[in-house]
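Residues per chain, in single letters:
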Amino acid sequence: MEQKQFQAESKRMLDLMIHSIYTHKEIFLRELISNASDAIDKLYFRSLTDEKVGIAPDDFRIMLIPDKDKRTLTITDNGIGMTAEELEQNLGVIAHSGSLAFKTENAGNDTTDIIGQFGVGFYSAFMVAKCVTVRTRAYGSDTAYEWRSEGAEGYTIDTCEKASVGTEIILELLEDTDDEKYSDFLEEFRLRSLVKKYSDYIRFPVCMEVTHEHLKEGTEDEYESHTELETLNSRTPLWKKNKNELTDEDYNRFYREKFFDYTPPLFHIHSRSEGMVTYNSLLYVPAKAPYDYYSKDFEKGLQLYASGVMIMDKCADLLPDHFSFVRGIVDSEDLSLNISREMLQHDRQLKTIAKAVEKSIRNELTKLLKTDRAKYVEFWKAFGIQLKFGVYNGFGVNEDQLQDLLLFQSSADDAADAYTTLAEYVSRMREDQKYIYYAAGESVARCAALPAAELVRDKGMEVLYLTENVDEFALKMIASYSEKEFKNVSAGDLGLESEEDKTALEEKNNAAKALFEEMQKALEGKVKAVRLSSRLKSHPVCISSDGQLSLEMEKVLNTMPTGEKVQAERVLELNPEHPIFAKLEALLTENPAQLASYAELLYQQALLMEGLPVEDPVAFSKLICDLMV
Ligand code: ADP
């Protein structure tokens, strides 16, 4: 019998296959089952209209037959089969997919990974088998053929006996090595779990004969066994079922089993789209962040299926970072099983799906916020910070879409659950109110206690309390909402005074010029200016900032591991109504040395109130003691 050579390209592919790393080899089964399913599909449709096919719809199936004695795994199907020409064409070359060239060109040294992740169809059999035999009889043909190959050497084709139409593929498994236990693929549990993992939603049954042992009736230690044909796959995926047929319990059970999360999800979104791309999706928003969610180990992504076959466990391109907590599945008939990761990234259809996924999550969250505030707050507590990061990291791209999903704690009594949206804040704004005010600090209590927050509240205006590091950065990104700018109560002009008030303060400031110069000298390098404040009510002093960088932002930036330190432009502000101010004025002429100590002390106090550390606690303490004595 003549030995035929593989085409050059196929040879290279074989080589890659054989050297693929072991952990990826298991996908050979997925590939062969998918091929079998495709072949059955072709005959199945025919059988619906053509009685001559002679196979009842329920009798189409794929069989897995492990044989430990012979060390073979056989995969059979009663599909359309192949003629001699088809055998030659389909299994002699890898011309149809065209993906090899792309894969090897783009993958650099990492081809093994790509093959493992995506597979290359039939050839993956050589990752686990030293010899592959394909026996096939095409529908409508009386002759069956046997294709046989031991890999790189080439293949033979011969006629053979085969009673029924269809294909059987016999894999003679490679010898086990220390690291690679190919005989595992003969174990029932292993085959069962591989079918579950990759081929659970193949629409034809994938069956295996399994042996059950049980006590012989009437005995206590004698066992008997019987074999039974078991279907290993669940066939119709939940996401392909009709919504009306499914209960919340069905969805929750599926979530639990699929994602190993025992806390029921907050909600799910199940949809089918038939526009530019046809796909089904089933998305879940978990109730709690997984333990590693806020660590760098966390990998976002949705499971991606091509016609019921899983091709990727975590497809990151399907989820924007701000929704990285979403879990779920996308299954599209328009994606090819053999698409590589690189191709996927540029795939237009995938991009279309990703966009639609993002939108549907956003819409669902918007709806939840409107209809079930308590549940939304629950969501917010788990993942709200991710949305704020989304606003911040999107450099202005996401803010329009996300700003109405943000919640903030606030000083308003009627903010539901102590949280408010920006729209709600604006609806409560006083007519003459120019800004959306916020105070930033490590806790709500801390923010509320800021002297400037007190003043704004006293004027009957609401203050947002920002307690997360990212908060102020996110607001800076949004810049304004409903044409109202955000204003940090501890920075710049709060816009609360009339022109007359301003002029009066200006005059007082001018009058105390000498005092401020003296104090600033004492605080050389620490503050940019000392001045009278319009933001103080009961406190004598506070620190504010000029410029874009607030004190809170300074704190946050300085905790980052970049090493670079930043400093906000600090201003020491004094309350002109407070007796301390009169005292300072008196000291200017009576005791300039003590004035310097007072300036230092007031500055350190102001730092403390802002939640900033005093610069030198020992010196600070000594200063107080000196004054006390
Ligand atoms: P792909 O499935 O991507 O086309 P494969 O290398 O897996 O690539 O298979 C090549 C071709 O061989 C298939 O397109 C199909 O025509 C044929 N083939 C493979 N397995 C079977 C089978 N079990 N029954 C019938 N035809 C098959």
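Since we're looking at a predicted model, the values are computed, not measured.

A word on the overall build of the chain
Phase 1 of the analysis: Each helix and strand in the chain was counted, giving 22 helices and 22 strands.
Phase 2 of the analysis: Scaling as 2.2 N^0.38, a compact globule of 629 residues should have a C-alpha radius of gyration of about 25 Å, whereas the chain reaches 36 Å, well beyond that.
Phase 3 of the analysis: Each principal axis of the C-alpha distribution contributes one length, and for the chain these read about 115 × 60 × 50 Å.
Phase 4 of the analysis: Look at the contacts in the chain between residues 6 or more apart in sequence, and 69% of them connect residues 24 or more apart.
Phase 5 of the analysis: When the accessible surface of the chain is split by element, carbon and sulfur atoms take 48% of a total near 30800 Å².
Phase 6 of the analysis: Distance between charge centroids for the chain: 2 Å, based on 73 positive and 110 negative side chains.

Details of the side chain of Asn575
Phase 1 of the analysis: With respect to the helices and strands, the residue Asn575 is situated in the loop between strand E22 (569–574) and helix H20 (579–590).
Phase 2 of the analysis: For Asn575, the side chain forms a polar contact with the main-chain oxygen of Lys537, separated by 3.0 Å.
Phase 3 of the analysis: In contact with Asn575, other than residues within four places in its own chain, are Leu536, Lys537, Ser538, His539, Pro540 and Phe581.

Here we look at a nonpolar patch on the surface
Phase 1 of the analysis: Taken together, the side chains of Ile624, Met628 and Val629 present a nonpolar region at the surface, about 360 Å² in accessible area.
Phase 2 of the analysis: Checked against the element boundaries, Val629 lands in the segment after helix H22 (617–628).

Quick notes on the nonpolar core
Phase 1 of the analysis: With 73 residues, the main nonpolar core has Leu304 and Tyr376 as its most contacted residues.
Phase 2 of the analysis: Excluding residues that lie within four positions of it along the chain, Tyr376 makes contacts with Leu365, Leu368, Leu369, Leu387, Leu405 and Leu407.
Phase 3 of the analysis: Membership of the second largest hydrophobic core comes to 67 residues, among which are Phe122, Val195, Tyr198 and Ile202.

Notes on the pattern of salt bridges
Phase 1 of the analysis: Scanning the model with the defined rule gives 47 salt bridges in all.
Phase 2 of the analysis: Of the charged contacts in the structure, one is a salt bridge between Lys25 and Glu180, with a shortest N-O distance of 3.8 Å. Of the two residues, Lys25 sits in helix H2 (residues 22–25) while Glu180 sits in the loop between strand E6 (166–173) and helix H7 (188–199), which places them 155 residues apart along the sequence.
Phase 3 of the analysis: Put simply, Lys526 and Glu615 hold a salt bridge, and the shortest N to O gap is 3.9 Å. Here the residue Lys526 occupies a position in the loop between helix H18 (513–522) and strand E20 (529–532), and Glu615 occupies one in the loop between helix H21 (592–609) and H22, the gap between them amounting to 89 residues.
Phase 4 of the analysis: By relative accessible area, which is 24% here, Lys526 ends up partly exposed.
Phase 5 of the analysis: Given the relative accessible area of 41%, Glu615 is considered partly exposed.
Phase 6 of the analysis: The structure contains a network of salt bridges with shared partners spanning Lys528, Arg531, Arg535, Asp546, Glu569 and Glu573.

Structural notes on the packing of helix H11 (residues 373–393) against helix H16 (residues 469–478)
Phase 1 of the analysis: In the contact formed by H11 and H16, the axes pass within 8 Å of each other and the chain directions differ by 45°. With respect to H16, the axis of H11 lies oblique. Relative to H16, the crossing made by H11 is left-handed. Counted together, Ile385, Lys388, Phe389, Val391 and Tyr392 of H11 and Val470, Asp471, Phe473, Ala474, Met477 and Ile478 of H16 form the full contact between these two elements.

Overview of the packing of aromatic side chains
Aromatic ring pairs: the centre-centre distance and the angle between the two ring planes describe each pair.
Phase 1 of the analysis: Tallying each qualifying case throughout the model produces 25 aromatic pairs.
Phase 2 of the analysis: Their ring planes at 50° and their centres at 5.7 Å tell us that Tyr255 and Phe259 sit as a pair that is tilted. In this pair, Tyr255 and Phe259 both sit in helix H8 (residues 248–259), four residues apart, roughly one turn of the helix. The two residues Tyr255 and Phe259 agree in class, both being buried.
Phase 3 of the analysis: For the pair Tyr435 and Tyr437, a centre-to-centre distance of 6.0 Å together with 75° between the ring planes defines the contact as edge-to-face. Per residue, the accessibility class of Tyr435 equals that of Tyr437, and both read buried.
Phase 4 of the analysis: Through a chain of ring-to-ring contacts, three or more aromatic side chains come together here, namely Tyr293, Tyr294, Phe298, Phe323, Phe325, Tyr376, Phe379 and Phe383.

Structural notes on the sheet that holds strand E5 (residues 155–160)
Paired through their backbone hydrogen bonds, the strands of a sheet run either parallel or antiparallel.
Phase 1 of the analysis: The strand order E5-E4-E3-E6-E2-E1-E7-E8 describes an open sheet built from eight strands, whose pairing is mixed. Only two strands of the sheet have a single partner each, and these edge strands are E5 and strand E8 (223–231). Shown here is a sheet whose adjacent strand axes are inclined to one another by a mean of 20°, direction ignored.
Phase 2 of the analysis: Where helix H3 (residues 27–49) meets the sheet, its contacts fall on strand E1 (62–67), strand E2 (72–77), E6 and strand E7 (206–215), and the angle it forms with E2 comes to roughly 25°.
Phase 3 of the analysis: Sitting on the sheet, H7 is in contact with E1, E2, E7 and E8, with an inclination near 140° to E7.

Considering the confidence of the model for the chain
Phase 1 of the analysis: For the chain, per-residue confidence averages 87 on the pLDDT scale, and residues scoring 70 or more make up 92% of the total.
Phase 2 of the analysis: This model gives residues 94–119 a pLDDT under 50, and the stretch forms 58 contacts once residues within four places in sequence are excluded.

Thoughts on the pairing of E7
Phase 1 of the analysis: Two elements, E1 and E7, share three bridges in a ladder whose sense is parallel. Residue Ile62 lies in a different strand from E7, and its bridge partner there is Val206.
Phase 2 of the analysis: Bridge count for E7 against E8 is nine bridges, and the pairing is antiparallel. By the bridge assignment, Leu215 is partnered in E8 with Tyr223.

A closer look at the pairing of strand E3 (residues 129–137)
Phase 1 of the analysis: Counting buried positions along E3 gives eight out of nine residues, so the element sits mostly inside the fold.
Phase 2 of the analysis: Here E3 runs beside E6; their pairing, made up of eight bridges, is antiparallel. For Val134, the partnering residue across the bridge sits in E6 and is Ile169.
Phase 3 of the analysis: Across six bridges, E3 lies against strand E4 (residues 144–149) in antiparallel orientation.

Details of the environment of Gly611
Phase 1 of the analysis: Of note, Gly611 is situated in the loop between H21 and H22.
Phase 2 of the analysis: Assessed through its relative accessible area of 22%, Gly611 is described here as partly exposed.
Phase 3 of the analysis: The spatial distance from the C-alpha of Gly611 to the C-alpha of Cys447 is 9.5 Å, given a sequence separation of 164 residues.
Phase 4 of the analysis: Residue contacts for Gly611: discarding those within four places in its chain leaves Arg446 and Lys555.

Notes on helix H15 (residues 451–458)
Phase 1 of the analysis: The buried fraction of H15 is high, at six of eight residues.
Phase 2 of the analysis: Residues of H15 that are buried in the fold lie against strand E16 (435–440), helix H14 (444–449), strand E17 (463–466), strand E21 (541–546) and H21.
Phase 3 of the analysis: Among the residues trailing H15, Gly460 stands out with phi positive, at a value near 80°.

Some remarks on the sheet that holds E17
Phase 1 of the analysis: Within the open sheet, the six strands sit side by side as E15-E14-E17-E16-E19-E18. Their pairing is mixed. Across the chains shown, the open sheet's two edge strands, defined by having one partner strand only, are strand E15 (419–420) and strand E18 (480–481).
Phase 2 of the analysis: Examined bridge by bridge, strand E14 (residues 408–410) and E17 share two bridges and lie antiparallel to one another. The partner of Ser410 across the bridge, within E17, is Leu464.
Phase 3 of the analysis: Docked against the sheet, H15 engages E16 and E17, running at close to 150° with respect to E17.

Thresholds, definitions, all that
Residues numbered from 1 in each chain as written. Predicted model: local features only at pLDDT ≥ 70, side-chain atom pairs only at ≥ 80, totals over all residues. Heavy atoms only, no water. Helix = DSSP H or I, 4+ residues; strand = E, 2+ residues; numbered from the N terminus. Rg over C-alpha atoms; globule rule 2.2 N^0.38 Å. Contact = heavy atoms within 4.5 Å. Areas by Shrake-Rupley, 256 points an atom, 1.4 Å probe, with all protein chains shown as cover. Lys, Arg positive; Asp, Glu negative; His and termini not counted. Charge placed at Lys NZ, Arg CZ, Asp CG, Glu CD. Polar contact = N/O pair within 3.5 Å; in protein donor to acceptor, adjacent residues only side chain to side chain. Patch = residues over 30% accessible without salt bridge, like charges linked within 9 Å, V, L, I, M, F, W, Y side chains within 5 Å. Salt bridge = Lys/Arg side-chain N within 4 Å of Asp/Glu carboxyl O. Core = buried A, V, L, I, M, F, W, Y, C linked by side-chain atoms within 4.5 Å. Buried < 20%, exposed > 50% of the residue type's maximum accessible area, 1.4 Å probe, protein only. Axes fitted to C-alpha atoms, helices over the stretch in contact; angles between N-to-C directions. Parallel < 35°, antiparallel > 145°, perpendicular 65-115°, else oblique. Left-handed = near helix turned anticlockwise from the far one by under 90°. Phe/Tyr/Trp six-rings, centres within 6.5 Å; stacked < 30°, edge-to-face > 60°. Pairing = 2+ DSSP bridges. pLDDT = per-residue confidence, 0-100.

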